[in-house]
Amino acid sequence: MKDLVEVIAKSLVDHPEEVVVTQKEEGKHIVVELHVAEGDMGKVIGKQGRIAKAIRAVVKAASSKENKRVDVEIV
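For clarity, every value in this text was computed on a predicted model and none was experimentally measured.

Draft legend 1. Structural view of helix α1 (residues 2–12). Where α1 is concerned, the buried positions are V5, I8 and A9. An end-on view of α1 places all buried positions within 95 degrees of arc, on one side of the element. In α1, the exposed positions angled more than 90 degrees off the buried face are occupied by D3, V7 and S11. Along its buried surface, α1 packs onto β1 (20–26), β2 (29–35), α3 (50–64) and β3 (69–74).

Draft legend 2. Structural context of the sheet that holds β3. In space, the three strands of this open sheet follow the order β1-β2-β3, with mixed pairing throughout. Across the chains shown, the open sheet's two edge strands, defined by having one partner strand only, are β1 and β3. When strand polarity is set aside, the average angle formed by the axes of neighbouring strands in this sheet is 15 degrees. Where α1 meets the sheet, it contacts β1, β2 and β3, and its direction lies at approximately 155 degrees from that of β1.

Rules used in this analysis
- Residues numbered from 1 in each chain as written.
- Predicted model: local features only at pLDDT ≥ 70, side-chain atom pairs only at ≥ 80, totals over all residues.
- Heavy atoms only, no water.
- Buried < 20%, exposed > 50% of the residue type's maximum accessible area, 1.4 Å probe, protein only.
- Helix = DSSP H or I, 4+ residues; strand = E, 2+ residues; numbered from the N terminus.
- Arc of directions from axis to C-beta.
- Contact = heavy atoms within 4.5 Å.
- Pairing = 2+ DSSP bridges.
- Axes fitted to C-alpha atoms, helices over the stretch in contact; angles between N-to-C directions.

So this is what it looks like as structure tokens:
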């Protein structure tokens, strides 16, 4: 899941070198934290959070195959 979030985020931002993705796994629950540059925060979140919701939807669909729950946090 970490790689998927990283590829999506790097394609959205102006400074892909500043994208950092960390993953914490606790049993069937995974938390993926996405860190981007301050100026790129709006591009990742989008108007009314639409892009963030779309990222979460894609990750949720990918994680359903593994039967795990994944939360994406944009920090």
